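# Topology and contacts: notes
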Amino acid sequence: MSWPSNQPDQPVTDDAQRQAWRERFGESDRAAGIETTDNFVQFDQMNDLFTRAFWDDSVRTKDSDAFFDSYRAASAPRRGDGFALKDFALRNAAWAVSDILSNRGNEAGLREGFQSAIVDDTPVGEHKLPVDDPAAMAGEIKQVAKLFGADLVGITEVDERWHYSTRVDTRDFSRADNSLPEGITHVIVLGHSMDYDLVRTYPSALAGASTGMEYSHEAAIVIQLATYIRNLGYQAIASMNDTALVIPYAVKAGLGEYGRNQMVITPQYGPRLRFSKVFTSLPLAIDTPRPLGIRQYCDICTKCADACPPRALPFDEPKEVAATDGGARSTIKGVKKWSADCEKCFGYWAKLKTDCAICMRVCPFNHDGRKLVDRLFTRLATSRLRRWALWLDQRRGMPARLKPKEWWSRLVAR
Ligand code: SF4
Ligand code: SF4
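Residues numbered from 1 in each chain as written. Chains lettered and ligands numbered in written order. Predicted model: local features only at pLDDT ≥ 70, side-chain atom pairs only at ≥ 80, totals over all residues.

For the protein chain, the count of helices and strands is 15 helices and eight strands. Against the globule reference of 22 Å for 414 residues, the protein chain gives a C-alpha radius of gyration of 21 Å, in line with a compact fold. Taken over the C-alpha atoms alone, the protein chain extends approximately 55 × 50 × 50 Å along its principal axes. Burial status across the protein chain gives 46% buried among its 414 residues. (Helix = DSSP H or I, 4+ residues; strand = E, 2+ residues; numbered from the N terminus. Rg over C-alpha atoms; globule rule 2.2 N^0.38 Å. Buried ≥ 20, exposed ≤ 12 C-beta atoms within 10 Å, placed from the backbone.)

As structure tokens, then:
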């Protein structure tokens, strides 16, 4: 399949719209380290690399088809530590709950959690809880989200810049309406930390279990939190990767800073998280992003880019991709940031038949806090002494991959 024909045009982001956004979000953007330019346009989900892998012949290959098939019955066991049958089996089992959810709306073209928001199973309750104190309500909602299993929770206001201009109908990869119902004002952003030891085995099919587990966990958590809010009499839409880009929302909600490896790096878990969100009309106080010093450390570190096998990560400073640039279809236009070569990155995943997160594994902020040297690193790296932290980290070198066979023997020895 090539570029879908007979589609409605992508909605246009014009100068008046950009100016209105600048006036509304300029101050909080500066606090969050987000910089947009006059070339900014909302991202079209059709251009998401994982969506392109189904319609764009420049991305779709035998390897990419086999990559997706390997998550179902046609797993791809082979020689090589971490790519045996049980490694694929564990990964695919970890994804199972998320898969059940994302497949249930196939006939309606809704791949829930990925290409469309999760469809409500419960109506908004008839009785509305009065909210006199949005700050107290925000504190309570964060504790409820943690009770359901979220590791980090932040709250920010709805910002349509990060919403897909259109979503994709997965029946025929046509464009579909992506608007939220009237009255949605806030986004609750949830962070889900990935298993430290499984992440240490990247690259491997086994390591993919750390990703699948958190998608399955977050599916349950966002549904539970949205259901709770709807029972309070307010709108709530459970969302995973669908509807909007979660990275700017996580940064705006004060959970971390955007790093060279394209991930949100948090003080608590480094980049070792997945993020989900709940859009709601519940009155809530919002969090304020503040400089954490992580981004400044990324300015002097290139460890993730050095370790990336297909050289997909940038070594230079953050820069924008302009709306007129022909390439970089999967990169949002008009945002000054570090951007990966998504085609190179996904090409590597397709060859492996599993996801890669070497750039997450090697990041020095990815540690479990048990070792003094790791805690010292984070303290130094986020201070003015960041060059000392760089020196310390360079002396440690690239962290060794945990051998998947070793991971399995530790599991049995527990
Ligand atoms: S490895 Fe270094 S440059 Fe890359 S994200 Fe981590 S701290 Fe930033
Ligand atoms: S996921 Fe792997 S291939 Fe992609 S940018 Fe990170 S290290 Fe490179």
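Still more to cover.
Strand order in the open sheet formed by four strands is β1-β4-β8-β5, with antiparallel pairing between adjacent strands. In the strand order of this sheet, the two ends are held by β1 (152–157) and β5 (236–239), each with one partner. When strand polarity is set aside, the average angle formed by the axes of neighbouring strands in this sheet is 20°. Where strand β4 (residues 186–193) lies against strand β8 (residues 273–280), eight bridges are found, and the strand directions are antiparallel. In the strand pairing of β8, Ser-193 is matched with Leu-273. (Pairing = 2+ DSSP bridges. Axes fitted to C-alpha atoms, helices over the stretch in contact; angles between N-to-C directions.)

Attention now moves to the site of ligand 1. The full set close to ligand 1 counts 13 residues, and Gly-259, Cys-298, Cys-301, Cys-304 and Cys-363 are the nearest of them. For the shell around ligand 1, the secondary structure elements donating two or more residues are α9 (294–300) and α10 (303–307). Its residues placed into classes, the shell around ligand 1 shows eight nonpolar, three polar and two charged. (Near = placed C-beta within 6 Å. Nonpolar A, V, L, I, M, F, W, Y, C, P; charged D, E, K, R; others polar.)

To continue, consider helix α4 (residues 85–103). At Ala-96, α4 is bent by approximately 50°, the largest bend along its length. Regarding α4, the residues found buried are Asp-87, Phe-88, Leu-90, Arg-91, Ala-94, Ser-98, Leu-101 and Ser-102. In this structure, the buried residues of α4 make contact with α7 (208–231) and α15 (404–413). (Bend = angle between axes of the 7 residues up to and from the residue. Contact = placed C-beta atoms within 7 Å.)

Bringing the packing of helix α3 (residues 62–69) against helix α11 (residues 342–352) into the picture now. Packing of α3 against α11 leaves a shortest axis separation of 8 Å and a crossing angle of 65°. The handedness of the crossing between α3 and α11 comes out as left-handed. Across the interface between the two elements, Asp-63, Ser-64 and Phe-67 from α3 touch Trp-349, Ala-350 and Lys-351 from α11. (Left-handed = near helix turned anticlockwise from the far one by under 90°.)

Let us look at the site of ligand 2. In the neighbourhood of ligand 2, the contacting residues comprise Cys-308, Pro-309, Pro-310, Ala-312, Leu-313, Ala-340, Cys-345, Tyr-348, Cys-356, Ala-357, Ile-358 and Cys-359. Residue composition of the shell around ligand 2, grouped by class: twelve nonpolar, no polar and no charged.

What follows is about the environment of Glu-107. Along the chain, Glu-107 falls in the loop between α4 and α5 (134–148). In this structure the C-alpha to C-alpha distance between Glu-107 and Arg-171, which are 64 residues apart in sequence, comes to 7.2 Å.

Okay, the nonpolar core next. Formed by 98 residues in total, the largest nonpolar core has its most connected members in Ile-188, Val-189, Leu-190, Val-222, Ala-226, Ala-250 and Val-278. Ignoring anything within four residues of it in the chain, the contact list for Val-278 reads Ile-188, Val-222, Leu-225, Ala-226, Ile-229, Ala-236, Ile-237, Ala-238 and Ser-239. (Core = buried A, V, L, I, M, F, W, Y, C linked by C-beta atoms within 7 Å.)

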